[in-house]
Amino acid sequence: MSEAHVKIHLFDETSVAHEADLLVIGVHSGGEAQAALARCPDGVAREVKRVLKAGWLRGDAGETLFLPVVPGEGLAVERLLLVGLGKRESVTLESLRALGASVVKACEKSAVDRALVLVSLDEQHGIGPSRVMAAMAEGAWLGSYRFDRYQGVSRKDAPRHRLKRLDFLLPAARLKGGRKRLERIEKITRGVMLARDLCNTPGNLLTPDVLARKGRELAERLPIKTTIFSPQVLAQKGMNGILAVGQGSAHPPCMIILEYRKGGDRPTLAVVGKAVTFDSGGISLKPGAKMEEMKFDMSGGAAVFGFLHAIAEMELPINVVGIVPAAENLPSGTAQRPGDVIKTARGIHVEVINTDAEGRLILADALHHAATFDPDVIIDLATLTGACVIALGSHATGLMGNHKGLRKKLRKAGDRCGERVWPLPMFPEYQEQIKSVVADIKNVGGREAGTITAACFLSRFVDESRAWAHLDIAGTAYDLSSSKPHMPKGAVGVGVRLLCEYALAERV
Ligand code: BES
Ligand code: MN
Ligand code: ZN
């Protein structure tokens, strides 16, 4: 796994004279330094005030300014980094995540090895010091991720400098709670890294069987039980949706089941993630432009992997089963064709109008199989429809499902962790669009409301008695032109933090 190399440690507020290359001080819009500046030696505070008065830094979010420290001013550090916090009232957890990542980026550019952050000494717009620290640390880790395993000696640009340590100061009374928070965030971000690594790995190197092997590896290191359904088992169970999507590829499909049970007799949460390791569209071939992005079509499955990794590391007292149907969607002489009719594991016959609507075919069998674990709640994640990218862009995940309470909990979890989700309706009328002339249903419902009709298709494979939510992450799973410092270009690992936030709040 790509490690977030920066190590983060916490110290109590009296450690300003602490050994570090650099001291990070927050400045609000209008050029007002954070209150904790008062704890710095006089000379330093005076110099910062002078610079702010001169207007060298306005304090807007994202701004950074390095200042040298004149020796003999009672500080062990060589430099100060002033960072803009923005307007007092517009500081949010998300702006603090971005800030944490900008600090790391600035330090990397200027060859800093060790930085000490003062921002977490003050409360920021109702966010207490320990939460300020946690959000900045989360952003620092998320932002320091890089996927460079295929960039070797032949690349001319020099390797980027790595910040080795980021230390935070906290009021003494917040240290214990802060350390607990930090530990949890480190485990969650590790889950995000795993999901990103899986997503960023190209289709030739991450085939369904490779993903299955990664699933088995999880079981070696963590309290997770992994079961793989081979094509033979899939056939036995009548899982022809997964088999049909995979039949055009030389890499056979499979289903990966990850079970984590530390919740005693608590109910089970089932998370289902689409893992099409590469989606060419199949016989209904996609246009060439941006087809390479379809290596990210296993982002739902990757989120399930990352989520299980995180909760197993946190040892949460919950029961979770992750179900990941994996297939490669390619055109060939053995591929399925438009017009084919397949019988899914649930017994529902599906007419395949378009082989590019493959995600719902593999999810159909996976959602049906989820019921065998008798879960209270089923949440699926899938890069399911281009229509969702049109509807919501990259700023929110599409949310659908059959249970108002669950939708509400997911929305709240999304708002807290920054992975926002937004609802789309599932009025019964939409179900009409997937009626088939020859089979029970067809796999496309026309151009209108494509995200919703895809969800309607999925709904046929879930019992009404279970709470189910569907997350269409087509627009949020990857971003190749990201401008957020805590979101590197490429896979986002979306869903991992959302599911963790949900699980932590619900103790499902
Ligand atoms: N994996 C795609 C959806 C997708 C598109 C994800 C863009 C991320 C970015 C999915 O399998 C697909 O091809 N959906 C079709 C469905 C259509 C044929 C009904 C689509 O959205 O065009
Ligand atoms: Mn497709
Ligand atoms: Zn797809």
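The protein goes by Probable cytosol aminopeptidase in an unreviewed UniProt entry, where it is assigned to Candidatus Magnetaquiglobus chichijimensis. The protein has a UniProt comment under Function (unreviewed entry) that states "Presumably involved in the processing and regular turnover of intracellular proteins. Catalyzes the removal of unsubstituted N-terminal amino acids from various peptides."

This part takes up the coordination of the manganese ion (ligand 2). Protein coordination of the manganese ion (ligand 2) is provided by Asp279 (OD), Asp356 (O), Asp356 (OD) and Glu358 (OE), with donor distances spanning 2.1 to 2.2 Å. Coordination geometry of the manganese ion (ligand 2): the six donor atoms subtend angles of 70 to 167° at the metal centre, consistent with an arrangement described as irregular. All donors of the manganese ion (ligand 2) belong to a single chain; written as a sequence motif, their spacing is D-x76-D-x1-E. If you look at the manganese ion (ligand 2) and the zinc ion (ligand 3), they sit 3.1 Å from each other and are both ligated by Asp279. One end of the pair, Asp279, is in strand β11 (residues 275-279); the other, Glu358, is in the loop between β14 (349-351) and α9 (359-370), and 79 residues separate them in sequence. Overall, the relative accessible area of 0% leaves Glu358 in the buried class.

Viewed as axis vectors pointing N to C, helix α3 (residues 129-144) and helix α4 (residues 175-200) meet at an angle of 25°, and their least axial separation amounts to 9 Å. Here α4 runs roughly parallel to α3, going by the angle between their axes. Judged by the sense of rotation from one axis to the other, the crossing of α3 with α4 is right-handed. Listed contacts from α4 to Ser130, Arg131, Met133, Ala134, Ala137, Glu138, Trp141 and Leu142 of α3 are Gly177, Gly178, Arg181, Leu182, Ile185, Glu186, Thr189, Val192, Met193 and Arg196.

Attention shifts here to the sheet that holds β14. The strand order β13-β14-β18 describes an open sheet built from three strands, whose pairing is mixed. The two strands at the open ends of the sheet, each matched to only one other strand, are β13 (341-343) and β18 (441-442). Pairing analysis gives two bridges linking β14 to β18, with the strands arranged parallel. Residue pairing across strands places Val350 opposite Ile441, the latter belonging to β18.

UniProt feature "domain: Cytosol aminopeptidase" (unreviewed entry): in the numbering of this structure it lies at residues 354-361. In residues 354-361, helix accounts for 38% and strand for 0%; the two terminal C-alpha atoms are 11 Å from one another.

Counting buried residues in strand β2 (residues 22-28) gives seven out of seven residues, a clear majority hidden from the surface. Across the two faces of β2 the burial is the same, with Leu22, Val24, Gly26 and His28 and Leu23, Ile25 and Val27 all buried. Both β2 and strand β5 (residues 79-86) contribute to a ladder of seven bridges, which runs parallel. Across the sheet, Gly26 pairs through a bridge with Val83, a residue of β5. Inspection of the sheet shows β2 paired to strand β6 (residues 114-117) by three bridges, in the parallel sense. Residue pairing for β6: Val24 is matched across the bridge by Val117. Hairpin connection from β2 to strand β3 (residues 32-33): three residues lie between these consecutive antiparallel strands, with Gly30 at a positive phi of about 100°.

The subject of this paragraph is a positive patch on the surface. Residues Lys176, Lys180, Arg184, Arg266 and Arg507 make up a contiguous surface patch of positive charge. Take Arg184: it is sitting in helix α4.

Its 16 residues place the ends of α3 22 Å apart at the C-alpha level, agreeing with the 22 Å of an ideal helix rising 1.5 Å per residue. Counting buried positions along α3 gives 15 out of 16 residues, so the element sits mostly inside the fold.

Glycine aside, residues mostly have negative phi, and peptide bonds are mostly found in the trans state. Even without being glycine, Ala111 reaches a positive phi, approximately 55°. By the element assignment, Ala111 lies in the loop between α2 (93-109) and β6. Phi at Asp374 is positive, roughly 50°, even though this residue is not glycine. Summarising the element assignment, Asp374 is placed in the loop between α9 and β15 (377-382). Relative accessible area serves as the criterion here: at 55%, Asp374 is assigned to the exposed category.

All right, on to the site of ligand 1 then. Taken together, 16 residues sit near ligand 1, with Lys286, Asp297, Asp356, Glu358 and Gly386 positioned nearest. A distance of 3.2 Å separates an oxygen atom of ligand 1 from a polar side-chain atom of Lys274. Between ligand 1 and Leu384 there is a distance of 3.4 Å, counted from a nitrogen atom to a backbone nitrogen or oxygen. Starting from 510 Å² of accessible surface for ligand 1 in isolation, the protein chains cover 78%.

Attention now goes to the coordination of the zinc ion (ligand 3). Only Lys274 (NZ), Asp279 (OD), Asp297 (OD) and Glu358 (OE) from the protein coordinate the zinc ion (ligand 3), and they sit 2.0 to 2.4 Å from it. Geometry at the zinc ion (ligand 3) is octahedral, judged from its six donor atoms and the angles of 78 to 176° they form at the metal. Along the chain, the residues that donate to the zinc ion (ligand 3) are spaced as K-x4-D-x17-D-x60-E.

The positions that UniProt labels "binding site: Mn(2+) 2" (unreviewed entry) are, in the present scheme, Lys274, Asp279, Asp297 and Glu358. Taken along the chain, the residues just named run across 85 residues; in space they keep tight, none of their C-alpha pairs more than 11.3 Å apart. The residue Lys274 is located in the loop between β10 (268-273) and β11 in this model. Those residues in contact with Glu358 that lie beyond four places of it in its chain are Val245, Lys274, Val276, Asp279, Asp297 and Asn329.

With that out of the way, let us pick up the domain arrangement of the protein. Partitioning the protein into domains gives domain 1 (7-169) and domain 2 (191-506). Both sides of the domain 1 and domain 2 interface together cover about 1400 Å² of buried area, and 58% of this is carbon and sulfur. With a closest N to O distance of 3.7 Å, Asp197 and Arg149 form a salt bridge. Between domain 1 and domain 2 we count nine residue pairs in polar contact (both at pLDDT 80 or more) in total. When residues in the side of domain 1 that touches domain 2 are grouped by element, the largest group, seven residues, is from α2. For the side of domain 1 that touches domain 2, a count of residues per class yields eight nonpolar, three polar and five charged.

Reading guide: rules and limits
- Residues numbered from 1 in each chain as written.
- Chains lettered and ligands numbered in written order.
- Predicted model: local features only at pLDDT ≥ 70, side-chain atom pairs only at ≥ 80, totals over all residues.
- Heavy atoms only, no water.
- UniProt positions renumbered as here; feature names shortened; annotations may be inferred.
- Donors = N, O, S within 2.8 Å, 3.2 Å for Na, K, Ca; no water.
- Tetrahedral: all angles 85-135°; square planar, octahedral: opposite > 155°, others 65-115°.
- Helix = DSSP H or I, 4+ residues; strand = E, 2+ residues; numbered from the N terminus.
- Buried < 20%, exposed > 50% of the residue type's maximum accessible area, 1.4 Å probe, protein only.
- Axes fitted to C-alpha atoms, helices over the stretch in contact; angles between N-to-C directions.
- Parallel < 35°, antiparallel > 145°, perpendicular 65-115°, else oblique.
- Left-handed = near helix turned anticlockwise from the far one by under 90°.
- Contact = heavy atoms within 4.5 Å.
- Pairing = 2+ DSSP bridges.
- Patch = residues over 30% accessible without salt bridge, like charges linked within 9 Å, V, L, I, M, F, W, Y side chains within 5 Å.
- Areas by Shrake-Rupley, 256 points an atom, 1.4 Å probe, with all protein chains shown as cover.
- Salt bridge = Lys/Arg side-chain N within 4 Å of Asp/Glu carboxyl O.
- Lys, Arg positive; Asp, Glu negative; His and termini not counted.
- Charge placed at Lys NZ, Arg CZ, Asp CG, Glu CD.
- Expected span 1.5 Å × (residues − 1).
- Near = heavy atom within 4 Å.
- Polar contact = N/O pair within 3.5 Å; in protein donor to acceptor, adjacent residues only side chain to side chain.
- Domains from an automatic or database assignment.
- Buried area = accessible area lost by both parts, 1.4 Å probe.
- Nonpolar A, V, L, I, M, F, W, Y, C, P; charged D, E, K, R; others polar.

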